[in-house]
There are 2 protein chains.
Amino acid sequence: MEAGEQRGWIVPIGGAEEKESAPRILKRFVNVSGGRDADIVVIPTASRQSDTGARYEKIFRELGAERVDALDFAHRDDGKREDRLRRIEQATGIFFTGGNQLRISTILGGTAAAKLIRSRNAHGITVGGTSAGASILSEHMIAFGDEGSSPKAGSVRLAPGLGLTNRFVIDQHFRQRDRLGRLVTALAFNPFAVGIGLDEDTAAFIAPDNTLEVEGTGAVTVVDADGVEFSSMAQVEEGQPVCLLGLTVHILTAGATFNLHTRKASAGTLADG
Amino acid sequence: MEAGEQRGWIVPIGGAEEKESAPRILKRFVNVSGGRDADIVVIPTASRQSDTGARYEKIFRELGAERVDALDFAHRDDGKREDRLRRIEQATGIFFTGGNQLRISTILGGTAAAKLIRSRNAHGITVGGTSAGASILSEHMIAFGDEGSSPKAGSVRLAPGLGLTNRFVIDQHFRQRDRLGRLVTALAFNPFAVGIGLDEDTAAFIAPDNTLEVEGTGAVTVVDADGVEFSSMAQVEEGQPVCLLGLTVHILTAGATFNLHTRKASAGTLADG
């Protein structure tokens, strides 16, 4: 293991990523986890299905990872087990499967394992996840909410996530489940963060330098609240629409980039097409 | 009739406006059509229901309009009938009901009646409509499209509308039918216009000076494409997501304003709350 002092990649995926014929996102996840030397730990805690871990083990092995192990955390006690912490210490990539993000946060939150994953990412190891496994990655996590394009007070519930970064708030199955309203509502509380809405089969590969690049067949909707001039969130009641002025929105497709530090979007390779 | 040389009010409504207990939008429509002196012509052409015109006649009368008549145009020939043109000449407010906007455009488009309505609005008379009747008002009209938050090529079909202005493209039932994607797609073709997404029971009262003010219980989503740096619309195929960088989005609730000329949003009376 040769982790640099730079933060590792963070890879949120919008769910339902292609796993059979052209698994571009999962292949790239293996690449940024070390390629042929990748040692991946799969954490299927969000899922209720017993074969989820084994399924990803098989996929990542077929995609060329040297070593893959699914490590389920079913109880909070599992988060301090020495064998598991040792296994996480060895990994070059950690992957959270889909399911319910509140299972991950209630079982892993605050445990030695969660702290170790955060510290490993801070020291250069890749951490990613799909669907619930994407939502969990940031400091402020969308726990659940309503569907709909426009923001409404009470349409979203935030909870603390794994906390790899507080620069963004993630939402997934974005187009498929019509989640712009709840993502914007999440930003209306405190516009400091960037909202990242991931369509299915679409991922944001966030490099150590905080440049996000899109991979996959859908779009990533970036909502930048930095220029917000007014939010009525403090005045409105449950179910009422929220007034929010000055959002910047970019719709990025594969190859396009967004720098979370400078907040600049670029068409990347698309501009040459 | 004392029309000034200023353009009249344009009042698109997102559909399903409150008609019974607190019909704030329809009441305000009567006010900007002359209040107690209002002479309103209702055009129920979009609707397939025979009582739509009579229903609005009754509502507008109860709200204090001096004179109200429903004027159905069922065939293109109706658009040149002298009695109807004379009735439109007298009106201080013209109101299009909901239904299918393609019924209005196919029956009225290019007729003497359509030209007269456009000219009357240009000379100071109020023109508004709800749902399909809102879509028809602008030069570029969303004829139909798909649901979903993210823009996709082919997700929207534009058609020429009544053409009171080309400054904006309207979509209605906005939150309720998840139409942000198709509105943004409409702008991706040519970012010169402003997109206006109207929730149900919500209206944009667009004054002669091009300041839009929101009325009603929902939100108006204003999508300003003026700062767009890149659109991949020319490169993508049907069903593919569109890359679009640099949209500005404002979510306005009752009392908030947007100036279609300067493109400045303001919280209006909300900021004092």
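Source: prediction; values computed, not measured.

Calculation criteria
- Residues numbered from 1 in each chain as written.
- Chains lettered and ligands numbered in written order.
- Predicted model: local features only at pLDDT ≥ 70, side-chain atom pairs only at ≥ 80, totals over all residues.
- Heavy atoms only, no water.
- Helix = DSSP H or I, 4+ residues; strand = E, 2+ residues; numbered from the N terminus.
- Rg over C-alpha atoms; globule rule 2.2 N^0.38 Å.
- Buried < 20%, exposed > 50% of the residue type's maximum accessible area, 1.4 Å probe, protein only.
- Contact = heavy atoms within 4.5 Å.
- Areas by Shrake-Rupley, 256 points an atom, 1.4 Å probe, with all protein chains shown as cover.
- Lys, Arg positive; Asp, Glu negative; His and termini not counted.
- Charge placed at Lys NZ, Arg CZ, Asp CG, Glu CD.
- UniProt positions renumbered as here; feature names shortened; annotations may be inferred.
- Pairing = 2+ DSSP bridges.
- Polar contact = N/O pair within 3.5 Å; in protein donor to acceptor, adjacent residues only side chain to side chain.
- Phe/Tyr/Trp six-rings, centres within 6.5 Å; stacked < 30°, edge-to-face > 60°.
- Lys NZ or Arg CZ within 6 Å of the ring centre and 35° of its normal.
- Salt bridge = Lys/Arg side-chain N within 4 Å of Asp/Glu carboxyl O.
- Axes fitted to C-alpha atoms, helices over the stretch in contact; angles between N-to-C directions.
- Parallel < 35°, antiparallel > 145°, perpendicular 65-115°, else oblique.
- Nonpolar A, V, L, I, M, F, W, Y, C, P; charged D, E, K, R; others polar.

**Focus: the overall build of chain A**
A count of helices and strands for chain A gives seven helices and 16 strands. Taken over C-alpha atoms, the radius of gyration comes to 18 Å for chain A, in line with the 19 Å a tight globule of 273 residues would show. Overall, chain A is about 50 × 50 × 35 Å in size when its C-alpha atoms are taken along their principal axes. Looking at chain A as a whole, 62% of its 273 residues are labelled buried. Partitioning the contacts of chain A with sequence separation of at least 6, the portion at a separation of at least 24 is 74%. With the model as given, the accessible surface of chain A reaches about 10,500 Å², and the carbon-plus-sulfur share is 45%. Across chain A, the 30 positively charged side chains and the 35 negatively charged ones have centroids separated by 3 Å.

**Here's the deal with the UniProt feature "active site" (unreviewed entry) in chain A**
All names here are of chain A. Under the feature "active site" (unreviewed entry), the UniProt entry names Ser 131, His 173 and Glu 200. The largest pairwise C-alpha distance within this set of annotated residues, which runs over 70 residues, is 8.4 Å, so the set is compact in three dimensions. Within the secondary structure layout, Ser 131 lies in the loop between strand 5 (126–130) and helix 6 (132–135). Take Ser 131: its relative accessible area is 11%, and that puts it in the buried class. Sequence-distant contacts of Ser 131, defined by excluding residues within four places in its chain, comprise Ile 13, Gly 14, Gly 15, Gly 98, Gln 172 and His 173.

**Considerations on helix 7 (residues 180–189) of chain B**
Summarising burial for helix 7 of chain B: nine of the ten residues are buried, a large majority. Residues of helix 7 of chain B that are buried: Leu180(B), Gly181(B), Arg182(B), Leu183(B), Val184(B), Thr185(B), Ala186(B), Leu187(B) and Ala188(B).

**Topic: the pairing of strand 11 (residues 211–216) of chain B**
Residues and elements named next belong to chain B. Counting buried positions over the six residues of strand 11 gives five, a clear majority of the element. In this structure, strand 10 (residues 202–206) lies alongside strand 11, joined through five bridges in antiparallel fashion. Each residue of the ladder has a partner; that of Ala 203, found in strand 11, is Glu 215. Once strand 10 ends, the chain turns through four residues before running back antiparallel as strand 11, passing Asn 210 with a positive phi of about 70°.

**Digging into the side chain of Ser33(A)**
All names here are of chain A. Here Ser 33 lies in the loop between helix 1 (24–32) and strand 2 (39–43). At 2.8 Å, the side chain of Ser 33 and the backbone oxygen of Phe 29 are in polar contact. When near neighbours in sequence (up to four residues on either side) are disregarded, Ser 33 contacts Ala 38, Asp 39, Ile 40, Thr 92, Gly 93 and Thr 126.

**As for the packing of aromatic side chains**
Across all of its chains, the model carries twelve aromatic pairs over all chains by this definition. Ring geometry for Phe29(A) and Phe95(A): centres 5.3 Å apart, planes at 75°, overall edge-to-face. Of this pair, Phe29(A) sits in helix 1 while Phe95(A) sits in strand 4 (residues 93–96); the two residues are 66 residues apart in sequence, bridging distant segments of the chain. Take Phe95(A): its relative accessible area is 0%, and that puts it in the buried class. Ring geometry for Phe29(B) and Phe60(B): centres 5.6 Å apart, planes at 40°, overall tilted. Of this pair, Phe29(B) sits in helix 1 (residues 24–32) while Phe60(B) sits in helix 2 (residues 52–62), and the two are 31 residues apart along the sequence. On the accessibility criterion, Phe29(B) (0% relative accessible area) is buried. Overall, the relative accessible area of 0% leaves Phe60(B) in the buried class. In textbook terms, an aromatic cluster arises when at least three aromatic residues are bridged by ring pairs, as seen for Phe29(A), Tyr56(A), Phe60(A) and Phe95(A). Over the face of the ring belonging to Phe205(A) we find Arg28(A), whose NZ or CZ atom lies 4.7 Å from the ring centre. A cation sits over an aromatic face here: Arg84(A) above Phe73(A), 5.4 Å from the ring centre.

**Some thoughts on the pattern of salt bridges**
On inspection of all chains with the given rule, the structure shows 29 salt bridges over all chains. In this structure, Glu215(A) engages Arg24(A) in a salt bridge whose closest nitrogen and oxygen atoms are separated by 2.9 Å. Of this pair, Glu215(A) sits in strand 11 (residues 211–216) while Arg24(A) is found in helix 1, placing the two residues 191 residues apart along the sequence. Assessed through its relative accessible area of 53%, Arg24(A) is described here as exposed. Put simply, Asp39(B) and Arg67(B) hold a salt bridge, and the shortest N to O gap is 3.5 Å. On the criterion of sequence distance, the pair formed by Asp39(B) in strand 2 (residues 39–43) and Arg67(B) in strand 3 (residues 67–70) is long-range, its members being 28 residues apart. When its relative accessible area of 8% is taken as the criterion, Asp39(B) is described as buried.

**Some thoughts on the packing of helix 1 of chain A against helix 2 (residues 52–62) of chain A**
Residue and element names in this part refer to chain A. Interaxial distance between helix 1 and helix 2 falls to 10 Å at its minimum, and their mutual angle equals 70°. Taken as axis vectors, helix 1 and helix 2 run roughly perpendicular relative to one another. Contact with helix 1, carried on its side by Leu 26, Phe 29 and Val 30, involves Tyr 56, Ile 59 and Phe 60 of helix 2 and no other residues of that element. The residue inventory of the contact of helix 1 with helix 2, partitioned by class, reads six nonpolar, no polar and no charged.

**Quick notes on the sheet that holds strand 1 (residues 10–13) of chain A**
Residues and elements named next belong to chain A. Read across the open sheet, the nine strands follow the order 3-2-4-5-1-10-11-15-16; overall the sheet is mixed. Both outer strands of the open sheet, strand 3 (67–70) and strand 16 (265–266), are each paired with one neighbouring strand and no more. In the sheet, strand 1 pairs with strand 10 (residues 202–206) via two bridges, with the strands oriented antiparallel. Of the residues in strand 10, the one forming a bridge with Ile 10 is Ile 206. Here helix 3 (residues 82–90) sits on the sheet in contact with strand 2, strand 3 and strand 4, set at roughly 135° to strand 2.

**Topic: the environment of Glu62(A)**
Residues and elements named next belong to chain A. Summarising the element assignment, Glu 62 is placed in helix 2. Residue classification places Glu 62 among the exposed positions, given a relative accessible area of 58%. Expressed as a C-alpha distance, the spacing of Glu 62 and Lys 27, which sit 35 residues apart in the sequence, is 9.5 Å.

**Overview of the environment of Ala16(A)**
All names here are of chain A. The topology assignment puts Ala 16 in the loop between strand 1 and helix 1. Considering only alpha carbons, one finds Ala 16 and Val 220, 204 residues apart in sequence, at a separation of 14 Å. In contact with Ala 16, not counting residues within four places along its chain, are Thr 130, His 173, Glu 200 and Asp 201.

**So, the sheet that holds strand 5 (residues 126–130) of chain B**
Residues and elements named next belong to chain B. What the nine strands build is an open sheet, ordered 3-2-4-5-1-10-11-15-16; its pairing is mixed. The strands lining the two open edges of the sheet, one partner per strand, are strand 3 and strand 16 (265–266). Across three bridges, strand 11 lies against strand 15 (residues 257–259) in antiparallel orientation. Within strand 15, the residue paired with Thr 211 across the bridge is Asn 259. Helix 2 contacts strand 2, strand 3, strand 4 (93–96) and strand 5 of the sheet and is inclined by roughly 170° relative to strand 3. Sheet strands touched by helix 5 (residues 112–122): strand 1 (10–13), strand 2, strand 4 and strand 5. Its angle to strand 5, the strand with the most contacts, is close to 120°.

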